[in-house]
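# Chains, contacts and geometry: an overview
Chain by chain, the residues run as shown.
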Amino acid sequence: MYPLSLKQRDDVRRYAELVDAAYVSLKRHNRRNLVIGGTTALGDITPLAWIRNLKLADGKPPRMDMYGHNPWGLRGPDLSKRHDSTGPTKGDADFSDLDTLAGWLDKNLMKAGRNRRLPIFISEYNAPTDGPSYEYNYFVTRALQAKWLRDGLRITRRWKRVYTLGWHSLRDFPPTPEGLISQTGLIDGRGWRKPSYYAYKRG
């Protein structure tokens, strides 16, 4: 996990201000509105670095009702797997690291009477199938895609810390003009339903 640049830290702070301002405005309009912050994923800023730096000017965390996260990764969902806190993935969080992510949230965002045990809103989860993708550096069989989805849904049902699981996407995207593909859907490009479609339908 690399330290953030001054610009990256400033970007995270500005985001924190936006989330907190949106929270105040939306709750004023209707107290039942739910505000989701974060929506982290693999990228230039790791989830851990983002969470640690998600602060307002006064040092308090922004208010929110849930924390959004996209837990993509090379491992299938299994919370018994250990998080690699020393290797190149330090600070990242795939589906098997959601319990670790929850600890990061509690340590860094549950302060000043705010954000007690934030539920995790899985914004997007997927596993590309059928061949190399222009979006991901891995792919799995259709059967393994369905298994990962079933395992993820099982965790979502049993562990109250996860609010819901969103899948991206319903249908495979058409090839680009260059012939590149991204096949993360529950339905393939011909309209055939993959095994994961039925796994998601059963919940």
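Quick look at the structure, then. Here the structure is a predicted model, which means the values were calculated and not measured. (Residues numbered from 1 in each chain as written. Predicted model: local features only at pLDDT ≥ 70, side-chain atom pairs only at ≥ 80, totals over all residues. Heavy atoms only, no water.)

In the case of a regular strand, side chains alternate between the two sheet surfaces. Alternating positions in strand E2 (residues 66-69) separate into two faces, Met66 and Gly68 on one and Tyr67 and His69 on the other, with burial throughout. Bridge analysis of strand E1 (residues 36-40) against E2 gives 4 bridges, and the strand direction is parallel. For Thr40, the partnering residue across the bridge sits in E2 and is His69. Traced from E1 through helix H2 (residues 47-53) to E2, the parallel crossover comes out right-handed. As judged from the 3 bridges shared by E2 and strand E3 (residues 120-125), these two strands associate in the parallel manner. Its bridge partner lying in E3, His69 is registered against Ile122. (Buried < 20%, exposed > 50% of the residue type's maximum accessible area, 1.4 Å probe, protein only. Helix = DSSP H or I, 4+ residues; strand = E, 2+ residues; numbered from the N terminus. Pairing = 2+ DSSP bridges. Right-handed = clockwise from strand over helix to strand, strands pointing away.)

Turning our eyes to something else, we now look at the nonpolar core. Judged by nonpolar contacts, the single largest core of 44 residues is most densely connected at Leu54, Tyr67, Leu109, Ile122 and Tyr125. Contributions of two or more residues to this core are made by helix H1 (6-29), H2, helix H3 (98-109), E3, helix H4 (142-158), strand E4 (162-167) and helix H5 (195-202). Looking at this core element by element, the count peaks at 6 residues for H3. (Core = buried A, V, L, I, M, F, W, Y, C linked by side-chain atoms within 4.5 Å.)

What follows is about unusual backbone geometry. Cis peptide bonds are those with omega within 30 degrees of zero, and the linkage from His168 to Ser169 qualifies with 10°. Structurally, Ser169 can be placed in the loop between E4 and H5. Even without being glycine, Thr39 reaches a positive phi, approximately 55°. Note on placement: Thr39 falls in strand E1. Backbone geometry places Asn115, a non-glycine residue, at a positive phi of 60°.

Tallied over the entire structure, the rule returns 17 salt bridges. Between Lys194 and Asp172 there is a salt bridge whose closest N-O contact spans 3.0 Å. Of the two residues, Lys194 sits in the loop between E4 and H5 while Asp172 sits in the loop between E4 and H5, which places them 22 residues apart along the sequence. Each member of the pair Lys194 and Asp172 is classed as buried. When salt bridges with common partners are traced through the structure, they connect Asp10, Arg13, Arg14 and Glu17 into a single cluster. (Salt bridge = Lys/Arg side-chain N within 4 Å of Asp/Glu carboxyl O.)

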